[in-house]
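A structural walkthrough
What follows is each chain in one-letter form.
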Amino acid sequence: MTKTFMPRVETQKELKKLQLAGLKWTVGHAYHGSPSYRAKLDEAGVGPESIRTLEDLERLPFTSAGDLREEYPFPLLSVPFEDVVRMHASSGTTGKRKVLCYTQKDIDDWTHFFARCYEMAQLAAEDRVQLAVGYGIWTAGISFQMGCEAYGAMAVPAGPGNLDMQCQFLMDFQSTVMCCTASMGLLMAEEVNRRGIKDKIRLRKMIFGSERSSDAMRNRIKDLLGLDHLFDIPGMTELYGPGTGLDCIHHTGIHYWADYYILEILAPETLAPVPEGETGEMVVTTLTKEAVPLIRYRTRDLTRLIPGQCQCGSVLPRHDRILGRSDDMIIFRAVNIYPGQVDHVLSGIRGIGSEYQIILDRKEDGRDYMTLKVERDHGVQNDRDPELTKKIGEEIKKQILVSATVELLGYGSLPRSERKSRRVFDNREQ
Ligand code: ZN
């Protein structure tokens, strides 16, 4: 396979030049195509002619999920309706669904950079990719498949769930790659182990989408299935869908497609840039998106940029895994906590599993209490409970600066789901 989907630029300077051209185009396109963008830009006193350097990005107004909801069902549309060829919607867990339109060029661009994900993961044309992701109005199924086919590997469009069928497909079709959520990956790994079919399958890589996953969970999946690589694929409906980046085989962060969008990392409270390497909210501006361009869209996802260059030599910059949502932030005894931080602490402790729950209660004394339910690792007996409980409590105190009551449970006793598992239970009166 000689075709490449990587960017044509080779240096940061060339990349920035490409970004500036894309930014100028986007602001002009949105200004002339969408009355609401025009009103927003006019109000901020900036127009297409205001963009002379990349620093001028900071002069542009923000866009938010609220803007998308206000114009439901077809928000921020910047092309005539006759140019729209498809729509997708988010699963809409909070408020109304987010609905986004696509032109044919948007679909082509998305397919192109999704194929880049498979190239980044070093798939070959011979690879068989079992797509255990959701098909339908959502962005996942169709985009995972379009990218796979454009890349030239074989798609096995299995859809989510149905572990029995998934195992059958792994054996019969000898799938080498599986795309799913991390929760589904863990269920699959445990099912393959339970059935004793590891020697009958040929799975080598997994690509995880749309969910945070702890290192402990990832290591368990990798061990149970004997995988070579696990990759993280970020994505959101507003920004095309999944496939907007991938970690390379060195796994030192997610390379993101800076030739398709500009990523800013800003402090959620002040919206000022955070120092390089520090955690903040991802704010994205698209460079070629036609139907619904995004100008400084506040994603609410938290991550950080990873400084320096990756050893793979790619010109594409990196961000860390998604640490959580700025909306998911828990305020507990005046400390800001993101569930991702608890993931991180638990991942560093041997003898415990990957599943956990955070339970917050307000007791009669008026104070807030945190209980952390954690599973013992597979094969770990309860005689180690005192030692493990103490260790977890100490690490939480040391790294997150709060006290928690730790409860250890048997392996497999916390609920698993094929979709996103709920891990925070806040019982405090609001
Ligand atoms: Zn790399």
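Residues numbered from 1 in each chain as written. Predicted model: local features only at pLDDT ≥ 70, side-chain atom pairs only at ≥ 80, totals over all residues. Heavy atoms only, no water.

**Regarding unusual backbone geometry**
Along the chain, Y72 connects to P73 via a cis peptide bond; the corresponding omega equals 5°. The backbone of Q122 shows a phi angle near 55°, a positive value even though the residue is not glycine. Structurally, Q122 can be placed in the loop between helix 4 (104–120) and strand 3 (128–131). (Helix = DSSP H or I, 4+ residues; strand = E, 2+ residues; numbered from the N terminus.)

**Overview of the packing of aromatic side chains**
Within this structure, the stated rule accounts for ten aromatic pairs. With a centroid separation of 4.8 Å and 40° between ring planes, the pair formed by F169 and F173 is classed as tilted. Against the face of W257 rests R116, its NZ or CZ located 5.0 Å from the ring centre. Sitting above the plane of the Y369 ring, K363 keeps its charged end 4.6 Å from the centroid. (Phe/Tyr/Trp six-rings, centres within 6.5 Å; stacked < 30°, edge-to-face > 60°. Lys NZ or Arg CZ within 6 Å of the ring centre and 35° of its normal.)

**Some thoughts on the packing of helix 1 (residues 12–33) against helix 2 (residues 35–44)**
In contact at an axis separation of 5 Å, helix 1 and helix 2 are set at 115° when each is read in the N-to-C sense. In terms of axis orientation, helix 1 runs roughly perpendicular to helix 2. In this structure, helix 1 uses V27, A30, Y31, H32 and G33 to contact helix 2, whose residues at the interface are P35, Y37, R38, L41 and D42. Tallied by class, residues from the contact of helix 1 with helix 2 come to six nonpolar, two polar and two charged. (Axes fitted to C-alpha atoms, helices over the stretch in contact; angles between N-to-C directions. Parallel < 35°, antiparallel > 145°, perpendicular 65-115°, else oblique. Contact = heavy atoms within 4.5 Å. Nonpolar A, V, L, I, M, F, W, Y, C, P; charged D, E, K, R; others polar.)

**What about the domain arrangement of the protein chain?**
The domains assigned to the protein chain are domain 1 (1–325) and domain 2 (329–426). When each unit is reduced to the centre of its C-alpha atoms, the spacing between domain 1 and domain 2 is 30 Å. With 22 residues of domain 1 in contact, the opposing surface of domain 2 contributes 21 residues. For the pair domain 1 and domain 2, the summed buried area comes to about 1,800 Å², and 51% of that belongs to carbon and sulfur atoms. There are zero salt bridges connecting domain 1 and domain 2. On inspection of domain 1 and its partner domain 2, the count reaches two residue pairs in polar contact (both at pLDDT 80 or more). (Domains from an automatic or database assignment. Buried area = accessible area lost by both parts, 1.4 Å probe. Salt bridge = Lys/Arg side-chain N within 4 Å of Asp/Glu carboxyl O. Polar contact = N/O pair within 3.5 Å; in protein donor to acceptor, adjacent residues only side chain to side chain.)

**Some points on the sheet that holds strand 12 (residues 297–303)**
On the basis of which strands lie adjacent, the open sheet formed by four strands has the order 10-11-12-15 and antiparallel pairing. Whereas interior strands pair on both sides, the edge strands pair on one side only; in this sheet they are strand 10 (261–266) and strand 15 (324–325). Alignment of strand 11 (residues 280–286) against strand 12, held across four bridges, turns out to be antiparallel. Across the sheet, the residue bridging to E281 is L302, located in strand 12. (Pairing = 2+ DSSP bridges.)

**Things to note about the environment of A89**
Locating A89 in the fold gives a position in strand 1 (residues 84–89). When the C-alpha positions of A89 and G241 are compared, they lie 9.8 Å apart, and in sequence the two are 152 residues distant. Apart from residues lying up to four places away in sequence, A89 is in contact with R97, K98, V99, I137, W138 and T237.

**What about the state of the cysteines?**
Any covalent bond linking the sulfur atoms of two cysteines counts as a disulfide. A full pass over the atoms with the stated rule returns zero disulfides. Residue C148 stays outside any disulfide, its sulfur separated by 7.4 Å from that of C179, the closest cysteine. (Disulfide = S-S within 2.5 Å.)

**Focus: a nonpolar patch on the surface**
Residues F74, F81, M87, I137 and W138 make up a contiguous nonpolar surface patch of about 430 Å² in total accessible area. Examined against the element boundaries, I137 turns out to sit in the loop between strand 3 and helix 5 (140–151). (Patch = residues over 30% accessible without salt bridge, like charges linked within 9 Å, V, L, I, M, F, W, Y side chains within 5 Å. Areas by Shrake-Rupley, 256 points an atom, 1.4 Å probe, with all protein chains shown as cover.)

**A closer look at helix 6 (residues 163–172)**
Listed in full, the buried residues belonging to helix 6 are L163, Q166, C167, F169 and L170. Projected down its long axis, helix 6 shows its buried positions confined to an angular sector of 160°, all on one face. In this structure, the buried side of helix 6 is in contact with strand 3, strand 4 (154–156), strand 5 (177–180) and helix 7 (182–195). Looking one or two residues past helix 6, Q174 carries a phi angle of roughly 55°, positive in sign. (Buried < 20%, exposed > 50% of the residue type's maximum accessible area, 1.4 Å probe, protein only. Arc of directions from axis to C-beta.)

**What to know about the environment of I197**
On the secondary structure map, I197 appears in the loop between helix 7 and strand 6 (205–209). Dropping the residues within four chain positions of it, I197 is found in contact with C167, M171 and V192.

**A short note on the nonpolar core**
Grouped together as the largest cluster of nonpolar side chains are 75 residues, with contacts concentrated most on L60, Y118, V129, F144, I207, L246 and W257. Here this core takes eight residues from helix 4, the largest share from any one element. (Core = buried A, V, L, I, M, F, W, Y, C linked by side-chain atoms within 4.5 Å.)

**Points about the coordination of the zinc ion**
Where a metal carries four tetrahedral donors, each ideal angle is 109.5 degrees; where it carries six octahedral donors, the ideal angles are 90 or 180 degrees. Listed as protein donors to the zinc ion are C248 (SG), H255 (NE2), C310 (SG) and C312 (SG); their distances from the metal cover 2.1 to 2.3 Å. In this structure, the zinc ion is coordinated by four donor atoms arranged in tetrahedral fashion, with angles at the metal of 101 to 117°. Site description for the zinc ion: donor spacing in sequence, C-x6-H-x54-C-x1-C. With a gap of 57 residues between them, H255 in strand 9 (residues 254–256) and C312 in the loop between strand 13 (305–306) and strand 14 (318–319) connect regions that are remote in the sequence. Judged by relative accessible area, which is 0%, H255 ranks as buried. On the basis of relative accessible area, C312 is assigned to the partly exposed category, the value being 34%. (Donors = N, O, S within 2.8 Å, 3.2 Å for Na, K, Ca; no water. Tetrahedral: all angles 85-135°; square planar, octahedral: opposite > 155°, others 65-115°.)

**Quick notes on the environment of S314**
One can find S314 in the loop between strand 13 and strand 14. Residue S314 is classed as buried on the basis of its relative accessible area, which comes to 15%. If we skip the residues at most four places from it in the chain, S314 touches M120, H255 and Q309. Polar side-chain contacts of S314 include one of 3.0 Å to the backbone nitrogen of L316.

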